[in-house]
Amino acid sequence: MPLGDSAAPGQTLATQVIGTVADVARGLVAPSWTLGRQKLFISSGKGASAGPGQGISLRVATQNVWCHYLATPTRQLFERRGSGERSGVADDRVNGLRYWKRLDLLARHLASVADVVVVQELFMLRLGPIVISHNVRRFVALMEDLGFPYQSDPNATLPSWAGQNCGVMIFSRFPMVACHAEAFRRTDEIPSSKGFVDVVIEIPAINSGETGMRVRVLGTHFDARSWPAKLSQLWQVADRLSAERLEFTRSECRPWEVAAVGRHTPTIVCGDFNICPQLAGAGGYDDGTAFSTLRGALLAAGLVHAWSASPSRGDASDAADVGAEPTADDEAFPLTEGRATLDHVWISQPSGNGLRLIARDVVAVFESPGHLLASDHLGLVVTVSIGDNAH
C-alpha cells in the first residue's frame, strides 16, 4: 500500500552535507574501529514469542534501498501506470537530495509488512580514518522505533582503508542468536564491496526453559554486470549454504551461545542477485545460462524459488507444491527492476524441517504526490510457517 505524507519531510542538500560533516568530525575525535558503531546485533528490545508446539507465521522482506554514496545521483525514478507497466520519468526531487525521505518511506512500509527485513545498498563509506554512516544510523534508528531492535553489524564488511561496505543489513523483531557477514572475495565494482549477511533468528518460547524456534536468513547483493564476478560470488554463497554443519565463531554469537546451522535448518535466502530469468531481448541480459546456474546451485543446497512453489491458501499445514521451476518466459516471476527479475527469495524445500510457504507478494513503496517509487527496485515479501520441529 502506498505511503506518503506520514513520513518525515524531505531531506535538503544542506541536511545531507551537515550529516557528512558530522561524520567527518566524529572520525577526527574517535578511533576508527568505533566509527559508525551503533547498538547493533544484541539489543535490549523485546520481540514476539511462540508457545510450545505452536507453528508461527514469519514474514521476510527484501528490498534494495538505493542508498549509494559513490554512484552519480540519477534523476530517474519510476512510476507505475494503471496497467502495471513502469516507465522512467525525469524528476528533480530524487536520490541525492531525498535520501532520508526515501529511507523513511521504505522503513515505514517494510516494517508494516514484515518481521524480518533484508536490505541492500544501505552503504557505509570509509575514507581513511573517517566513516560516513549517517544514512545507516538514521535507518537503524527508524527501524528500532518501528519495532526492530535487532540488527546485523554493517561494520563487519567495511574496508580497512577506503571504500563502501557491502550494504547488506538484516533487521528483525526477534533476537538474533548469531550473525556472520562476509565480503565477496571477488568483485569488479571496487571501491564498492559486495557480500552477504547470514543470521540465525530465534522466536522465543513463552515459557522459560523451553527452546524457541530458529530460522536462518541469508541476505546478499551480487555484482551488477560482470558474470565471472557473479559466478564467483554465487559459489561463495553456495559453499556456505551447502555445509552439512556450519558453526558460527564465538564472536559472531550472542554471549554464552553456541550456534550452528546446516542443510536441515529452515532457511530463507534473499536479496538483489542481479541475475534474471528473462532472456536477452525480453528484459534479460543473456540466454538464460546465468539464472539456470543460480537456480541449480541453490537447488543443490536444498532451496527452491519462492515463486516456483504454490503457497497454501491460509492453511499452514499444507505443504508448498514444489514443482518444476518456471521457464525463462514464464510470467510467474515478478518484475523488480524494469522488465527484469533481479531480486529473488529462495526457501528450504518442505522436507520435514518445519518451514512452509504461505504467501508471497511484491513490495511497492510510493512517494506521494506523484506516485514515484521510493527505490529503483521493487521489493519482495514472503510469509512462511515455521513448525514446532524447526531448529
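Heads up: these notes are all about the structure in this document. This structure is a prediction, so every number in the text was calculated from the model and none was measured.

Before going further, it helps to spend a moment on the pairing of strand E15 (residues 267–272). In terms of burial, E15 is largely enclosed, as six of its six residues are buried. Side chains of E15 alternate between two faces, with Thr267, Val269 and Gly271 and Ile268, Cys270 and Asp272 buried alike. For strand E12 (residues 213–221) and E15, the ladder comprises six bridges, and the chain directions are parallel. Bridging across to E15, His221 finds its partner in Asp272. Judged from the five bridges that link them, E15 and strand E19 (residues 343–348) form a sheet pairing that is antiparallel. Bridge pairing links Ile268 to Ile347 in E19.

As a further point, take the packing of aromatic side chains. Per the stated rule, a full pass over the model turns up seven aromatic pairs. Residues Phe184 and Phe196 carry aromatic rings whose centres are separated by 6.0 Å and whose planes lie at 50° to one another, so their mutual orientation is tilted. Of the two residues, Phe184 is situated in the loop between strand E10 (176–183) and strand E11 (195–203) and Phe196 in strand E11; the sequence distance between them amounts to twelve residues. This pair shows no difference in class: Phe184 is buried, exactly as Phe196 is. Aromatic pair Phe222 and Phe273: ring centres 5.1 Å apart, planes at 70°, arrangement edge-to-face. In this pair, Phe222 is assigned in the loop between E12 and helix H4 (227–242) and Phe273 in the loop between E15 and helix H5 (289–300), connecting sequence segments 51 residues apart. No difference in accessibility class separates Phe222 from Phe273, as the two residues are buried. Here the aromatic residues Phe184, Phe196, Phe222, Phe273, Phe291, Phe333 and Trp346 are joined through ring pairs into a cluster of three or more. Positioned above the aromatic ring of Phe248 is the side chain of Arg240, whose terminal nitrogen or guanidinium carbon lies 5.3 Å from the ring centre.

Calculation criteria
- Residues numbered from 1 in each chain as written.
- Predicted model: local features only at pLDDT ≥ 70, side-chain atom pairs only at ≥ 80, totals over all residues.
- Heavy atoms only, no water.
- Buried < 20%, exposed > 50% of the residue type's maximum accessible area, 1.4 Å probe, protein only.
- Helix = DSSP H or I, 4+ residues; strand = E, 2+ residues; numbered from the N terminus.
- Pairing = 2+ DSSP bridges.
- Phe/Tyr/Trp six-rings, centres within 6.5 Å; stacked < 30°, edge-to-face > 60°.
- Lys NZ or Arg CZ within 6 Å of the ring centre and 35° of its normal.

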